[in-house]
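The chain contents come next:
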Amino acid sequence: MPHVLVLNASYEPLGVVSMRRALILVLNHKAIALEDAGTTLHSATSAVPAPSVVKLTRFVRVPYRGPVPLTRRALFARDHGRCVYCGAAATSVDHVIPRSRGGQHRWDNVVAACRRCNHTKADRHLADLGWRMKRPPAAPSGLAWRVIGTGIKDPRWRPYLEPFGGLDQFRDFEHHDRTELPPAVPSPVRTRPVRRGEQHAPLSA
């Protein structure tokens, strides 16, 4: 089932939910749809465009924003889906300082790598091989990473994430996935979406 981007009332990204959950929010007037997914959902008495982006009608305070979880999807997004050593398509995860030599599983010690480089490096240090990286690995930052880190993406989300950082990774990661992006549009923070009509009958996908 398609996923939907959820924005706070202030337009900051909160996360991604299922289509069903997003529809419940819209039909209960807890959110309004900003972008349609291009399909229509029908019930016995009505039809509603399936949302791709929704914004909450009330501001939700997020008391604590922890670091971005270190997952395979988030790591590949940070490294643009490419091997940090040779630039080929990444297929595996590598620890810069091998765990067998005390390296930890942290953002500043984990990189995306291709199978060949990972096999060649094995449990050796980069200095042993004479290898270098263009930049040291680091933890990603920015509210957009709540979404980018999930690995779930939709070209319609890009302008809503752009003001909150991480768009280079989002754009490049989609490029390597052969996903075409639409031309950039002005930030939605400057727009005023129109509230949709009256509550509809329950829907069936």
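Along each chain, residues carry numbers from 1 onward, in the same order as the chain's sequence is written. Side-chain atom pairs in this predicted model are given and counted only at pLDDT of 80 or more, local residue features only at pLDDT of at least 70, and totals for whole chains, interfaces and linings cover all residues. To get the side-chain values, take all heavy atoms of the structure and skip hydrogens and water.

1. A short note on the sheet that holds strand β4 (residues 47-56)
Hydrogen bonds along the backbone pair up the strands of a sheet, which may run parallel or antiparallel. Pairing between strands is defined by DSSP: at least two bridges between the two strands are required. Under the DSSP-based scheme used, a helix requires at least four consecutive residues in state H or I and a strand at least two consecutive residues in state E, with every element numbered from the N terminus. An order of β2-β1-β4-β3 is seen for the four strands of this open sheet, with the pairing classed as mixed. The open sheet has two edge strands with one neighbour each: β2 (13-18) and β3 (31-42). The sheet shows a mean angle of 30° between the axes of neighbouring strands, taken without regard to direction. Pairing of β3 with β4, which is carried by eight bridges, proceeds in the antiparallel orientation. Note on β4: the bridge partner recorded for Ala31 is Leu56. Every axis corresponds to a line fitted to the C-alpha atoms, with the helix fit spanning only the stretch in contact, and the corresponding angles, defined between N-to-C directions, vary from 0 to 180 degrees.

2. Details of the pattern of salt bridges
Within this document, salt bridges are pairs made up of a side-chain nitrogen of Lys or Arg and a carboxyl oxygen of Asp or Glu, the two lying within 4 Å of each other. Summed over all chains, the structure comprises six salt bridges. Two residues, Arg146 and Glu12, come together in a salt bridge whose shortest N-O distance is 3.8 Å. One end of the pair, Arg146, is in helix α5 (residues 145-148); the other, Glu12, is in the loop between β1 (3-7) and β2, with 134 residues separating them in the sequence. The partner of Arg156 in a salt bridge is Asp154, with the nearest N and O atoms 3.1 Å apart. Judged by relative accessible area, Arg156 falls into the partly exposed class, the value being 32%. For the exposure calls, accessible area comes from a 1.4 Å probe over protein chains only, and a residue counts as buried if that area is under 20% of its type's maximum, exposed if over 50%, partly exposed in between. Of the residues examined, Asp154 reaches a relative accessible area of 12% and is grouped as buried.

3. Section: the pairing of β1
Each regular strand displays side chains that alternate between the two surfaces of the sheet. Where burial is concerned, most of β1 is hidden: four out of the five residues are buried. Alignment of β1 against β2, held across five bridges, turns out to be antiparallel. Paired with His3 across the two strands is Ser18, which belongs to β2. Taking the residues between adjacent antiparallel strands as the criterion, β1 and β2 are bridged by five residues, where Tyr11 takes a positive phi near 80°. With three bridges joining them, β1 and β4 adopt parallel strand pairing. Residue Leu7 lies in a different strand from β4, and its bridge partner there is Lys55.

4. Regarding helix α1 (residues 19-27)
If you check which residues of α1 are buried, you get Met19, Ala22, Leu23, Leu25, Val26 and Leu27. Here a residue-residue contact requires only that any non-hydrogen atoms of the pair lie within 4.5 Å. Buried-residue contacts for α1 involve β1, β2, β3 and β4.

5. Quick look at the confidence of the model for the protein
Looking at any residue, its pLDDT shows the predictor's confidence there, from 0 to 100. The share of residues in the protein with pLDDT of 70 or more is 80%, and the mean pLDDT across the chain is 83. Within the protein, no element has a lower average pLDDT than helix α7 (residues 167-176), which sits at 54, and none a higher one than strand β6 (residues 110-113), at 98. Segment residues 175-194: pLDDT under 50, and 25 contacts once partners within four positions in sequence are set aside and those in other chains are kept. Of the regions scoring below 50 in pLDDT, residues 198-205 engages in 19 contacts with residues more than four places distant in sequence or in other chains.

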